[in-house]
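Listed below, chain by chain, are the residues.
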Amino acid sequence: MEDRRPKLVILYATQTGNALDAAERAAREAERRGCPVMLLSIDEYDVSSLPHEDTIIFVVSTTGQGDTPDSMKVFWKFLLQRNLSKHWLEGVRYAVFGLGDSGYQKYNFVSKKLDKRLSDLGAMAIVEKGLGDDQHPSGYEAALDPWMSSLWSTLNQINDKFFPQGPDFLIPDMKLIDQPKIHITYHSVDKVDSQSSLNSDLKWIEMQIERARSMSPGKFTHDKTRPNCFLKLIQNQRLTRAECGKDVRHFEFEFVSSTIEYKVGDILEVLPSQNQAAVDSFIQRCNLDPEAFITVHPKEMNNHLLHTRTSANVPIKLKTFVELTMDVASAPPRRYFFEVMSYFATAPHEKEKLQYFASPEGRDDLYQYNQKERRSVLEVLEDFPSVQMPFEWLVQLVPPLKTRAFSISSSPLAHSNQVHLTVSVVSWMTPFKRKRSGLCSTWLAKLDPEQSIYIPAWFQKGTLSPPPPSLPLILIGPGTGCAPFRGFVEERAIQNESSATAPVLFFFGCRNEDGDFLYRDFWLSHSQNGGVLSEAKGGGLFVAFSRDQPQKVYVQHKVQENSRKIWNLLTEGAAIYIAGSSTKMPSDVLLAFEDIVSKEGGLPRESAVRWLRTLEKAGRYHVEAWS
């Protein structure tokens, strides 16, 4: 009897979609070599089945300050059980590829700890773990290409049945390229049941969003299809001076559907509206009918990439589907997009260029053209006018329109029926001097409270847990990192009206006192007359203006200047909260705290490091950082 062909199991854990892209790429490369693949999100896999696997590949990202993606939390908790023996995974072969950013202190932390835990449980690594780095000139793919090459070669040595014709044999791409994973059905208008007249405006918008995002092949979690609520903008205030070079806004929103209960430290996600001219240009460039009614279905009903839901059976206008699910004018497409484009290019010079971009040799040039320049799907299609891609492929490959997450900067105790955000309006110049701007922040900045636009929103628990009134606080929030702490201070001030509260130290940083001292009057008012940041309450407000003197001063310098005050609060059980840019600030602040613990506590440096790790494990050292 012929031996059964081995199947390669690939599990991915993604937060932003990069790990999914890398896992899909590995799956395609394996399939092109004739190897059957099962590709699953790690939360769709039964972790108790691990000992029964022969070979399993993990592609995992690291988020925040060394955190596992949300989809991996249950899987990881299971693996950490103490009753699992060191022989539990004996006989299982595995490989790990991690995606991270070396600008973070805990670079690729999740892939490293997963690799170690699998090994500790008896599994055998096929190849050395791969570590993709966002900071590399070619992004994570610089590490992915050689890692995959080594993986295929080693797998073939272990069992030549993985690749029947060897790891270097590739099935001709045309056999794979004409098979998009989805099918689109077009419906005649007279058969479409229009419900808009039967519903309120809000209900109709909600249905459209859920309908479109339920059908989309983008990996939206089940709770990201229907909004939690709708918000109406009631204030759009610029916090920075025009000449300071930054545009930071204070937004106030009112609940217009149901009111959602949230806590300080929580996250608000909003679905941005795309530029209508860009959407129209995309539809025109692709020769699509914006008024057509469509439904989108997976070709294989059990396909892991797509999910069908009841709302997905109702047709939706093609233009509405594009507007709500396909990021056509902001996010750059992935490498596979260029590969598929090459098969539909009719001009020889365009086909050659696209094939080069999709090849390992062209990887660096593609990264410069695409990611570094942040070219949108629309711009790429306009650069290759002979390409006419079927809509099925576009729906599958255009980056999904994602919600954008912001730290909430208000307390529900201070503002009933409202939620506030502090948003930096993102804009930058590319290496080729092309001006780019953030989709969501630019859209929000242009909104007029008089327009009465309904904004779909989702609330999520943040990484900064709400502190009880009796907990002393040391808050470090330079720039827009002050956002969650505005909510903390508002809440603590209200709690202080009815009973005594613990001291609060707040460290803020910006460039200039006159230019970008965000919420200046708010902080100053709470630092005076017995306010929660006042010295009379044991608190303090400390501000670092980095460019108001010849020598730059940052929050970590202000922290070190107040080492005795900080140490006294820490010995009284204070918690440290840090929020802001993920570049150098969190690690620089951590070094400052290590200095303080070592100096004031009389401890060797190594002991100070361990002391702070213990603080973190006890839930008294919190970091929320973003890039």
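Fair warning: this is a prediction, and the values are worked out from it, not measured in the lab.

> I'd like a rundown of the overall build of the protein, residues and numbers included.
Within the protein one finds 20 helices and 22 strands. The C-alpha radius of gyration computed for the protein amounts to 26 Å, which stays within 12% of the reference 25 Å derived for 627 residues, consistent with globular compactness. Each of the three principal axes of the protein carries a C-alpha extent, and together these read 80 × 65 × 45 Å. Expressed as a percentage of its 627 residues, the buried residues of the protein come to 56%. By sequence separation, contacts in the protein at least 24 residues apart represent 78% of the contacts at least 6 residues apart. As displayed, the protein has an accessible area near 28,300 Å², and 49% of this comes from carbon and sulfur atoms. One finds the centroid of the 72 positive side-chain charges in the protein at a distance of 3 Å from the centroid of its 76 negative side-chain charges.

> Lay out unusual backbone geometry with the relevant residues and their values.
For residues besides glycine, phi is generally negative; the peptide bonds are generally trans as well. Phi angles above zero are rare outside glycine, and Arg374 is one such case at about 50 degrees. Mapped onto the fold, Arg374 is located in the loop between α11 (363-369) and α12 (377-383). Positive phi, close to 55 degrees, is recorded for Tyr519, a residue that is not glycine. Along the chain, the position of Tyr519 falls in the loop between β19 (504-510) and α16 (520-526).

> Let's hear about the pattern of salt bridges: which residues, and what values?
Counted by the stated rule, this structure contains 37 salt bridges. With a shortest N-O distance of 2.5 Å, Asp21 and Arg334 are connected by a salt bridge. With Asp21 in helix α1 (residues 18-32) and Arg334 in the loop between α8 (318-325) and α9 (335-344), this pair connects stretches of sequence that are 313 residues apart. Owing to a relative accessible area of 18%, Asp21 belongs among the buried residues under this scheme. Among the ionic pairs, Lys319 bridges to Asp280, the shortest N-O distance being 3.0 Å. Of this pair, Lys319 sits in helix α8 while Asp280 sits in helix α7 (residues 276-285), and the two are 39 residues apart along the sequence.

> Any details on the side chain of Ser386? Residues and values, ideally.
Note on placement: Ser386 falls in the loop between α12 and α13 (391-397). Reaching out from Ser386, the side chain makes a polar contact with the side chain of Glu350 at a distance of 2.7 Å. When residues no more than four places from it in sequence are discounted, the contact partners of Ser386 are Phe344, Ala345, Thr346, Ala347 and Glu350.

> Account for the sheet that holds strand β22 (residues 621-626), with residues named and values stated.
Two pairing modes exist for strands in a sheet, parallel and antiparallel, and in both the strands are linked by backbone hydrogen bonds. The five strands are arranged β20-β19-β18-β21-β22 in an open sheet whose pairing can be described as parallel. Of all strands in the sheet, those with a lone pairing partner are β20 (540-545) and β22, marking the two edges. Going from strand to strand, the sheet's axes swing by 10 degrees on average, the running direction of each strand aside. For strand β18 (residues 473-476) and strand β21 (residues 575-581), the ladder comprises four bridges, and the chain directions are parallel. Bridge pairing in β21 links Leu473 to Ala575. Together, β18, β21 and β22 form the strand contacts of helix α19 (residues 585-601), whose direction differs from that of β21 by roughly 150 degrees.

> Give me the lowdown on the packing of α1 against helix α4 (residues 141-158), citing residues and values where you can.
Describing two packed helices takes the angle between their axes plus the distance from one axis to the other. The contact between α1 and α4 brings their axes to 11 Å, and the two run at 35 degrees. For the pair α1 and α4, the sense of crossing is right-handed. Residues Ala22, Arg25, Ala26, Glu29 and Ala30 of α1 form the contact with α4, whose participating residues are Glu141, Leu144, Asp145, Met148 and Trp152. Residues that form the contact of α1 with α4 fall into these classes: six nonpolar, no polar and four charged.

> Please set out the environment of His526 residue by residue, giving values where relevant.
Within the fold, His526 resides in helix α16. For His526, a relative accessible area of 16% corresponds to the buried category. Not counting the four nearest positions on each side in its chain, His526 is found in contact with Val489, Ala493, Gly531, Val532, Leu533 and Ser534.

> So, the UniProt feature "binding site: NADP(+)" (unreviewed entry) in the protein: which residues are in play, and what are the values?
Under the UniProt annotation, "binding site: NADP(+)" (unreviewed entry) lies at Thr480, Ser546, Arg547, Lys552, Val553, Tyr554, Val555, Gln556 and Asp588. Tracing the backbone through its elements, the reader meets Tyr554 in the loop between β20 and α17 (555-561). Of the residues examined, Tyr554 reaches a relative accessible area of 36% and is grouped as partly exposed. Setting aside anything within four residues of it in sequence, one finds Tyr554 in contact with Ala544 and Ser546. Along the chain, the position of Gln556 falls in helix α17. Among all residues touching Gln556, those that are not within four sequence positions of it are Asp588, Val589 and Ala592.

> Please set out the nonpolar core residue by residue, giving values where relevant.
Side chains of a nonpolar character, in soluble globular proteins, are inclined to be buried together. Within the largest apolar cluster, 49 residues are counted, with the highest numbers of intra-cluster contacts made by Phe282, Met326, Phe337, Met389, Phe391 and Leu394. Those residues within four positions of Phe391 in sequence are excluded, and the remaining contacts are Ile184, Tyr186, Leu288, Ile294, Leu318, Val322 and Met326.

> Please provide a residue-by-residue account of the sheet that holds strand β13 (residues 404-407), values included.
Here we have six strands laid out as an open sheet, ordered β13-β10-β17-β8-β9-β14, and antiparallel in their pairing. Here the strands that pair on one side only, and so sit at the sheet edges, are β13 and β14 (418-424). Between one strand and the next, the sheet's axes are offset by a mean angle of 40 degrees, whatever the strand orientation.

> Tell me what's going on with helix α3 (residues 109-120), and back it up with residues and numbers.
Residues that lie three or four places apart on an α-helix share one face, since the helix turns once every 3.6 residues. Relative to the 16 Å expected for twelve residues at 1.5 Å per residue, α3 spans 16 Å between its end C-alpha atoms, a close match to the ideal helical length. Among the residues making up α3, those that are buried are Val110, Ser111, Leu114, Asp115, Arg117 and Leu118. Of the residues one or two after α3, Gly122 is the one with positive phi, at around 100 degrees.

> Which residues make up the UniProt feature "binding site: FMN" (unreviewed entry) in the protein, and what are the values?
Look at the UniProt record and you will see "binding site: FMN" (unreviewed entry) annotated at Thr14, Gln15, Thr16, Gly17, Asn18, Ala19, Ser61, Thr62, Thr63, Gly64 and Asp134. Inspection of the secondary structure puts Thr14 in the loop between β1 (8-13) and α1. Ignoring sequence-local partners within four residues, the contact set of Thr14 consists of Ala19, Leu20, Ser61, Pro69 and Ser71. Among the polar contacts listed, one links the side chain of Thr14 to the backbone nitrogen of Gly17, at a separation of 2.9 Å.

> Describe in detail the pairing of strand β10 (residues 267-270), supporting the description with residues and values.
A two-sided burial pattern is seen for β10, the buried positions comprising Ile267 and Glu269 on one face and Leu268 and Val270 on the other. With four bridges joining them, β10 and strand β17 (residues 454-460) adopt antiparallel strand pairing. Bridging across to β17, Ile267 finds its partner in Gln460.

> Describe the side chain of Ser41, naming the residues involved and giving the relevant values.
With respect to the helices and strands, the residue Ser41 is situated in strand β2 (residues 37-41). Here the side chain of Ser41 touches Asp43 through a polar contact of 2.6 Å, side chain to side chain. When residues no more than four places from it in sequence are discounted, the contact partners of Ser41 are Tyr12 and Ser71.

> How would you summarise α7 if you had to cite specific residues and measurements?
Of all the positions in α7, only Ala278, Val279, Phe282, Ile283 and Arg285 are classed as buried. Taken end-on, α7 shows its buried residues confined to a sector of 165 degrees, consistent with a single buried face. Tucked inside the fold, the buried residues of α7 contact α8, α12 and α13. At the N-terminal boundary of α7, the capping side chain belongs to Asn275, with an oxygen 2.9 Å from the backbone nitrogen of Ala277. Positive phi appears at Asn287, one or two residues downstream of α7, with a value of about 55 degrees.

What counts and how
- Residues numbered from 1 in each chain as written.
- Predicted model: local features only at pLDDT ≥ 70, side-chain atom pairs only at ≥ 80, totals over all residues.
- Heavy atoms only, no water.
- Helix = DSSP H or I, 4+ residues; strand = E, 2+ residues; numbered from the N terminus.
- Rg over C-alpha atoms; globule rule 2.2 N^0.38 Å.
- Buried < 20%, exposed > 50% of the residue type's maximum accessible area, 1.4 Å probe, protein only.
- Contact = heavy atoms within 4.5 Å.
- Areas by Shrake-Rupley, 256 points an atom, 1.4 Å probe, with all protein chains shown as cover.
- Lys, Arg positive; Asp, Glu negative; His and termini not counted.
- Charge placed at Lys NZ, Arg CZ, Asp CG, Glu CD.
- Salt bridge = Lys/Arg side-chain N within 4 Å of Asp/Glu carboxyl O.
- Polar contact = N/O pair within 3.5 Å; in protein donor to acceptor, adjacent residues only side chain to side chain.
- Pairing = 2+ DSSP bridges.
- Axes fitted to C-alpha atoms, helices over the stretch in contact; angles between N-to-C directions.
- Left-handed = near helix turned anticlockwise from the far one by under 90°.
- Nonpolar A, V, L, I, M, F, W, Y, C, P; charged D, E, K, R; others polar.
- UniProt positions renumbered as here; feature names shortened; annotations may be inferred.
- Core = buried A, V, L, I, M, F, W, Y, C linked by side-chain atoms within 4.5 Å.
- Expected span 1.5 Å × (residues − 1).
- Arc of directions from axis to C-beta.

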